[in-house]
Each structure stands twice: as structure tokens, then as C-alpha cells.
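Remarks on the overall topology
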Amino acid sequence: MIDFRLDDEYEALRKTVHDFAQSEVKPVIGDFYIREEFPYEIVAKMGEMGLFGLPVAEEYGGMGGDYFALCLALEELARVDSSVAVTVEAGVSLGAMPIYRFGTEEQKRRWLPSLCTGEALGAFGLTEPGGGSDAGATKTRATVDGDGAEWVINGSKSFITNSGTDITGVVTVTAVTGTKPDGGKEISAILVPAGTPGFTVAPKYSKVGWNASDTHELAFDDCRVPVENLLGERGRGYAQFLRILDEGRVAIAALSVGLAQGCVDECLQYVGEREAFGNKIGAYQAIQFKIADMEARVHSARLAYYQAAAKMLRGEPFKKEAAIAKLASSNAAMDNARDATQIFGGYGFMNEFPVGRFYRDAKILEVGEGTSEVQRMLIARELGLK
Amino acid sequence: MTNIVVLVKQVPDTYSERKLNESDHTLDRESADAVIDEINERAVEEALKIKEAGEGEVTVLCVGPDRATDAIRKALSMGADKAVHVSDEALQGSDMVATAKVIAGALGKVDGYDLVIAGNEASDGRGGAIPAMLAEILGVPQLTHARELSLEGTTLKVDRETEDGVTHLEANLPAVVSVTEKINEPRYPSFKGIMAAKKKPVETLTVADLGVDAGELGLSGAAATVLEAAPKPPRAAGERVEDDGDGGTKVVEYLAGQKLI
């Protein structure tokens, strides 16, 4: 029979990150969020704990864990705050993992040690102003300069997490580098170090949620990097980032489950304190049923991402499971955030209570790293529907 | 190379409701989540800082039931090198004198110790006398209630802080130190540390291994007997201060009376 218990070391990690999130993040993150400020101190502490290096081998400065360890950490962080969680998620699954999976030995040695300790943050530039889910619509171009020594990149990228912090080290950019034999676009991934001339980071966006995380539009204007900065094989950029996105979906699912669980946590505490019509509101069935639904959603979504992660770690195809996990858990996050703010009544609309923040943070989960529509498309394709 | 032994105790989580057994008034270990005492995490941190600043080995010493291995693992995952766990049914209900003797006996099983670091007081029993008793049994200096600690060669310097003020203490190793909450902020274990902890050696000892008289141990060997225990009464209403123009003074007098300022 399937044993759903976590192994001791995973449980110890989950508990450690839980304690960290409750003690170090929860008391202060609301203020960062309202000020729309990136929490460098918290990022540094998470770096000391090794959270940015969880799935990376020790020889590159990582923790020698795996992707599931990362997911557990993300869930516990997002249970308290999504901005902090997505900073780790993007830093690891989009920043470090492409280099770890597809980089040369030299690229790994150059970038991974500082990315794993959180001293530097990595970002992944895929989405463009005119194309998110339609990655084939990539317009950013990279050409090899006359003497063959440099890539010259031109174009722009949108909604790129971790791309403009004081500690951003490198952005992996996808660009059209030629035409494939079948006439399609040849897309490759290229490493662009922060501060490279011609690489401009626009002022940060004003966002509905994730307000303590760092998101920018990026512009590349005759931006030159050495040809050695090609990440992985030329023309394999598309295939590479699909693998990265499949993994990332499981990570976003874990983050969504965290938010959905955070809603349950906050509500359980609140309904035991708040009184109305002579009783604690937790005594009313209308409230109990809402919380029971919330718990059922988060529980189901958690099982979905655990199972997707298990298949990933076993090296089996997990595209469908990742899409299901992401779809189910982002739904759970949205639904739980709506129910939680309803239970909190007027206080749910106030920034001083976490549930209002959860409500604002939940929306992007149905959009980022593949919209819910894209997840449905993937599931349908995996079922053989064409 | 400094051999440091850190005393670690598993206690009921202070966030949960803590109870005593109705039959013998000992701690009901089943009623609450068991965790490493937070003050011991600070003791481990201080030991690790000394180790990292130079050379040393950190051994965790724990007296407690089998499930106290969780507390030991936490200390090992923070970075301690090895552990000694004294676990024996005969220890259940032991008083502080007996516990100090057991710890002293277990220290004899560690390959030479230079420094013993303990928390100043466990959050369950709150006796706060073990470090002093241990130093007395071992015949070494005791530097208790340390809020700051430094080691230069074999000279230990401690800022001891109590209600009466701060005292600067100095002693040569070997010595016993107890630390307060002000000593440091303990680190969170990393996943690498958690994985490594699984492979670190934990030596399990029983009373028979220690050369301690079993007759002095346990509930029957305790010098005092608990006849009755009652739950803490609910919190009483606070003290009201009427402000007749001297409210500020009265508040200050009250706080001073409580030794809060």
C-alpha cells in the first residue's frame, strides 16, 4: 500500500522551514508588502539556510537534496507569504535549475555557488510583451557578431521575477537564433549577467499581488555577451525551457498549496476568537462548512503535487500530473482566499490581516508559469485529444 | 582543539498545553509535542561558534527517554558532531541531584571534555540548578547565566547577567557554562545538515554503563516527593493604577517592585 508519510529528513526540513517562516517571515512581511519593498534580510537568511540550493548537488554549493525538498520549503514559506516563496521559487527553479541542468561545467562553477547561497539571484526571461503562453511567438533575437565572438541580443521580456534586485546575478534569456530546417524559429537560451551594457531593467511593476517580490520588464538593445554564454545546445532552447516549466509547475503547485493552507490556518485561529450572535463564529455550521471545503481543497491539491513530484523524481513522464497539480492547487488557492476573506468579513479587506494579502497573491497563481487554460490544454493533449 | 559537550533536553513545546501525570505528578510526555528546549539550541549555537572559530568537536549529551533522539537529531543537524544519549527506565522521575550525577557519569564516557555548555534553565522543570550541581560534582568552575562568552586559548571569559547586574567572570578550562536567551540567535539547520545528522554517531548508554548508584535515581530516589499538584489558576485581573497626577510615578514604582525596570 502507498505510504504517504514523509521520510524523516523531509519532515525535518518541512518543520525547519515552518519554524523559520513563522518566526522570521510572518511578523515582518506585511510591512514589506505594503511598502512594496524587497526583503533582502529575509532572502539572506533563507540563503544561509540553504533554501536556494535545495535541489542542487553539494559540489556546486547546493544542499544535495531534490526538487521535492524545494517544494516542501515553498509550501511552508507560502503558507505565510507568497512574495518570499516566489523569490525562492524563481531563484531556484527558473534561475539556478536551467544552469544546473543544461549548463557547461564552467557555467555551473561560475554561477551556481552564489545562486545556491542566495548571495546572487537568478532569473529566467521567457515571456515577452506580445507573447506569454505562446512561447513560439518569441521576438527577441540573438545573432552572432561578425567575428563570431559574441551574441548580440535585441528585444524585450516581460514580468521577469528577481530580475532587478541589488543581488540579481544573471538572467537566462530565450531568443530566436535562426531558422530551423522546417522553417520554424530556432530558439536558444543565453546567459546575460546583470549589468551587461545594453541590458536595461525597467522600473518595477505596480502589481496586484506578490508585492514584496521583484518583477520587471527587461530591454536588450545590442546587448553583447560572449558566445560561450549559450546555455545548452543552440536551437534546443524551446525543449529546455519546456522541461524547466514542467518542473516549475510542480513548484508553483506547492506554493499554491501553501497559500491555500495559510488561509485555513488563519481562519481556524480567527473563528475561535471572533464572536457573533453570542457564539464564537466557529460554532456556526455556515463557517464550519466553508472551512471544511477549504481543508478538502488543500488536502487534495497537496496529494496532487506530491504525486507529480514523486513521478518527476523517479524519472517518469510527469507532464500531465504537473499540469493537474498546478490547475488544482491554483484553483484551491483562489477558492480558499475567497472563502477566507469572506470569513474574516470587513477585516478580510484590511491589509493588516494576512488573508487580504493571500487574496491578492492568489490570482497570479492561475496565470504564472502557464495559465489554467494552458494546463487544461496540456492535460487534454496528454489524454490524446488533438 | 576544544572538546565541547552541550547538554540538551527534550521538553514539551511551550506552545502546547503542558500537563503532569495524575498518578505520580511527573511530566506527562504524551500530552504535548516534544521539542528540543530552545535554550539548548542557543547552547549548541555557542558551541558551534567556538568550533567554527578554531578547532573543536561538539558532542551533544542528552538524558531522556528514547524519543528524545528527535532533540538530539536537531542538535546534530545544526552542526554538532556526535551525541551521547542516556536512556533508562530507571531515570523516570529523577530529581536534579540525581540527574546531575547521571550527566557527570555520562561525561566520563566522552573522550575528555574541555567545556560543558548548558542552558541556564529548562522550560519545563525550570529548576536552573543542574549546571551548578554538575560543576560541583566535577570539581570545575561554574560560569552560569552567561549572556556573552569568549574563549582565548584555555581562558574562558563570561558576562554573567542576573537581576543583580552583570558580573565579568574568568576561568580556565575545563569549566561548565550555562547560557541565557541573550547569548545568541541559533541557526536553522540546513537540509545538508539534516541529511548529515542521520549519519552522525549517537552512543546510547544506560545507568548500568555510568557507575551511578541506581538507588539514588528515579522517583523513589528523589529527595523530595510531590504530594499534590494543581493546574495554574486562571490569570487574575491586572493591577489598576488610578492617576491622581502621580500615575507615572506609581507605574514606575510597580514595575520596579516587579524588578521589570
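Every value quoted in this text rests on a predicted model; they were computed, and no experiment measured them.

Definitions and limits used
- In every chain, residue numbers begin from 1 and rise along the written sequence.
- Naming scheme: in the order in which they are written, chains are lettered from A and ligands are numbered from 1.
- Predicted model: local features are reported for residues with pLDDT of at least 70 only, side-chain atom pairs are reported and counted for 80 or more only, and whole-chain, interface and lining totals are derived from all residues.
- Here the side-chain values reflect all heavy atoms present in the structure, with hydrogen atoms and water set aside.
- UniProt positions are given in the numbering used here, feature names are shortened, and annotations may be inferred rather than shown by experiment.
- Counting from the N terminus, the helices are the DSSP runs of H or I reaching at least four residues and the strands are the DSSP runs of E reaching at least two.
- Whenever a pair of cysteine sulfur atoms sits within 2.5 Å, that pair is classed as a disulfide.
- Throughout, nonpolar core names a set of buried Ala, Val, Leu, Ile, Met, Phe, Trp, Tyr and Cys residues whose side chains join them through atoms within 4.5 Å.
- Exposed residues in this analysis have more than 50% of their type's maximum accessible area, buried residues have under 20%, and partly exposed residues fall in between, with area computed by a 1.4 Å probe over protein chains only.
- Salt bridge, as used here: a side-chain nitrogen of Lys or Arg that lies within 4 Å of a carboxyl oxygen of Asp or Glu.
- At least two bridges found by DSSP between two strands are what make those strands a pair.
- The term polar contact refers here to a pair of N or O atoms within 3.5 Å; inside protein, the definition further demands a hydrogen-donor-capable atom paired with an acceptor-capable atom, and it admits residues adjacent in sequence only when both atoms are side-chain atoms.
- Should any heavy atoms of two residues lie within 4.5 Å, those residues are counted as being in contact.
- By convention here, the domain bounds are inherited from an automatic or database domain assignment.
- Defined in terms of a 1.4 Å probe, buried area is the accessible area two parts forfeit on being brought together, summed over both.
- Residue polarity is assigned by list, with Asp, Glu, Lys and Arg as charged and Ala, Val, Leu, Ile, Met, Phe, Trp, Tyr, Cys and Pro as nonpolar; anything else, Gly included, falls into the polar class.

**Notes on the UniProt feature "domain: Acyl-CoA dehydrogenase/oxidase N-terminal" (unreviewed entry) in chain A**
Residues given the UniProt feature "domain: Acyl-CoA dehydrogenase/oxidase N-terminal" (unreviewed entry) here are residues 8-119 of chain A. End C-alpha atoms of residues 8-119 of chain A are separated by 29 Å, and the span's content is 73% helix alongside 0% strand.

**Points about the state of the cysteines**
Counted under the stated rule, the structure contains zero disulfides over all chains. No disulfide involves Cys116(A); its nearest neighbouring cysteine sulfur is the one of Cys71(A), lying 16 Å away.

**What to know about the nonpolar core**
Nonpolar side chains tend toward joint burial in soluble globular proteins. Met46(A), Leu54(A), Leu77(A), Val250(A), Tyr305(A) and Ile343(A) are the most contacted members of the largest nonpolar core, which totals 100 residues. In this structure, Ile36(B), Val58(B), Ala68(B) and Ala197(B) belong to the second largest nonpolar core, which totals 34 residues.

**Looking at the pattern of salt bridges**
Residues and elements named next belong to chain A. Under the criterion given, the structure shown has 47 salt bridges over all chains. For Lys 319, the salt bridge is made with Asp 246, and the minimal N-O distance between the two is 3.0 Å. Of this pair, Lys 319 sits in helix H8 (residues 319-344) while Asp 246 sits in helix H6 (residues 237-271); the two residues are 73 residues apart in sequence, bridging distant segments of the chain. Between Asp 339 and Arg 338 there is a salt bridge; the shortest N-O distance is 3.8 Å. On the accessibility criterion, Arg 338 (42% relative accessible area) is partly exposed. In this structure, a network of salt bridges that share partners links the residues Glu 11, Arg 14, Glu 76, Arg 79 and Asp 265.

**Let's talk about the UniProt feature "domain: Acyl-CoA dehydrogenase/oxidase C-terminal" (unreviewed entry) in chain A**
Annotation from UniProt places "domain: Acyl-CoA dehydrogenase/oxidase C-terminal" (unreviewed entry) at residues 235-383 of chain A. When the span residues 235-383 of chain A is considered, its composition is 74% helix and 3% strand, and the gap between its end C-alpha atoms is 28 Å.

**Thoughts on unusual backbone geometry**
All names here are of chain B. Residues Leu 173 and Pro 174 are joined by a peptide bond in cis, for which omega reads 0 degrees. The residue Pro 174 is located in the loop between strand E9 (165-172) and strand E10 (175-179) in this model. A positive phi angle is found at His 25, which is not glycine, with a value near 60 degrees. Inspection of the secondary structure assignment puts His 25 in the loop between strand E2 (10-12) and strand E3 (34-36). We note that Lys 259 has phi near 60 degrees; this positive angle belongs to a residue other than glycine. With respect to the element layout, Lys 259 can be found in the segment after helix H7 (247-257). On the accessibility criterion, Lys 259 (58% relative accessible area) is exposed.

**Some points on the pairing of E9(B)**
Residue and element names in this part refer to chain B. As paired strands, strand E8 (residues 155-162) and E9 are joined by eight bridges and run antiparallel to one another. The residue of E9 that forms the bridge with Glu 161 is Val 166. Connecting the antiparallel pair E8 and E9 is a turn made up of two residues.

**Side note on the side chain of His216(A)**
Residue and element names in this part refer to chain A. Relative to the helices and strands, His 216 resides in strand E7 (residues 215-226). Among the polar contacts listed, one links the side chain of His 216 to the backbone nitrogen of Lys 204, at a separation of 3.4 Å. Within the structure, the side chain of His 216 is placed 2.8 Å from the side chain of Asp 214, a separation counted as a polar contact. Ignoring any residue separated from it by four or fewer positions in sequence, one finds His 216 in contact with Lys 157, Ser 158, Phe 159, Ile 160, Ser 163, Gly 164, Val 201, Ala 202, Pro 203, Lys 204 and Tyr 205.

**Let's talk about the domain arrangement of chain A**
Residue and element names in this part refer to chain A. We note that the domain assignment places domain 1 (8-121), domain 2 (123-235) and domain 3 (239-382) within chain A. Look at where the C-alpha atoms of domain 1 and domain 3 centre, and you get two points 20 Å apart. Contact residues are listed per partner, giving 27 residues for domain 1 and 29 residues for domain 3. Across the domain 1 to domain 3 interface the summed buried area is about 2,400 Å²; carbon plus sulfur atoms make up 62%. It is Tyr 33, Glu 75 and Arg 79 that lose the most area in domain 1 upon contact with domain 3, and together they represent 26% of the buried surface on that side. Linking domain 1 with domain 3 are five salt bridges, by the criterion used here. Arg 302 is paired through a salt bridge with Glu 75; the nearest N and O atoms lie 2.8 Å apart. At the surface where domain 1 touches domain 3, the tally comes to nine residue pairs in polar contact (both at pLDDT 80 or more). Ranked by the residues each element gives to the side of domain 1 that touches domain 3, the list is headed by helix H4 (residues 82-102), at 10 residues. Of the residues contributing to the side of domain 1 that touches domain 3, the split by class is 17 nonpolar, three polar and seven charged.

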